[in-house]
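Next come the chains, spelled out residue by residue.
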Amino acid sequence: MACTHTNMIQQVTPASSGCRLCLESGDTWVHLRMCLTCGTIGCCDNSKNQHARKHAAISGHPIVQSFEHGEDWRYCYIDDEFLAPVTDASTTGSVGSTDRAA
């Protein structure tokens, strides 16, 4: 199944250098994700708070990109689908589901 939400991807600037909600509460995170609709940075599903997934559910912004150095994958929470990397010629193409924690 191909992601049907790629039209929501915008040119964004990271809103922070870490998960703002974790920083405000004094929590830590495992990995970071950036919302590709608004630039919000949230913690991943392996993190205690899962702020990136919560942001997607509340805001309706389904696609995130890894905010980790050396990673360029994108993921759609609604379609449970990884998308082609940013450096790929087809930046909106689907590459299928995997076991990575979004």
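Let us look at the structure shown here. For clarity, every value in this text was computed on a predicted model and none was experimentally measured. (Residues numbered from 1 in each chain as written. Predicted model: local features only at pLDDT ≥ 70, side-chain atom pairs only at ≥ 80, totals over all residues. Heavy atoms only, no water.)

### Quick notes on the overall build of the protein
Scanning the protein for helices and strands turns up two helices and six strands. Going residue by residue from the N terminus, the α and β elements of the protein occur as α-β-β-α-β-β-β-β. Every one of the 102 residues in the protein was classed for burial, and the buried ones make up 40%. When contacts within the protein are restricted to residue pairs at least 6 apart in sequence, long-range pairs at least 24 apart make up 48% of them. (Helix = DSSP H or I, 4+ residues; strand = E, 2+ residues; numbered from the N terminus. Buried < 20%, exposed > 50% of the residue type's maximum accessible area, 1.4 Å probe, protein only. Contact = heavy atoms within 4.5 Å.)

### Digging into unusual backbone geometry
One non-glycine residue, Q50, adopts positive backbone phi at about 50°. Residue position: Q50 is located in the loop between β2 (41–43) and α2 (51–59). The phi angle at D80 is positive, at roughly 50°, despite the residue not being glycine. Tracing the backbone shows D80 in the loop between β4 (74–76) and β5 (81–83).

### Thoughts on the side chain of H51
Relative to the helices and strands, H51 resides in helix α2. Residue contacts for H51: discarding those within four places in its chain leaves C19, L21, C22, G42 and C43.

### Structural notes on the nonpolar core
Side chains of nonpolar character tend, in soluble globular proteins, to be buried together. If you look at the biggest cluster of nonpolar residues, it comprises twelve residues: C3, I9, C19, C22, L32, M34, L36, I41, C43, I63, C76 and L83. At the level of secondary structure, the elements contributing two or more residues to this core comprise β1 (32–35) and β2. (Core = buried A, V, L, I, M, F, W, Y, C linked by side-chain atoms within 4.5 Å.)

### Quick notes on the pattern of salt bridges
One pass over the structure, following the stated rule, counts three salt bridges. Put simply, R53 and D45 hold a salt bridge, and the shortest N to O gap is 2.6 Å. Using a relative accessible area of 31% as the deciding quantity, one classes R53 as partly exposed. Judged by its relative accessible area of 16%, D45 is buried. (Salt bridge = Lys/Arg side-chain N within 4 Å of Asp/Glu carboxyl O.)

### Brief notes about α2
In an α-helix, one full turn covers 3.6 residues, which means residues spaced three or four apart are oriented alike. Within the sequence span of α2, burial applies to H51, A52, H55 and A56. The buried side chains of α2 occupy one side of the element, clustering within an arc of 145° when seen end-on. More than 90 degrees from the buried face of α2, the exposed residues found are A57 and I58. Looking at the residues trailing α2, positive phi occurs at G60, about 80°. (Arc of directions from axis to C-beta.)

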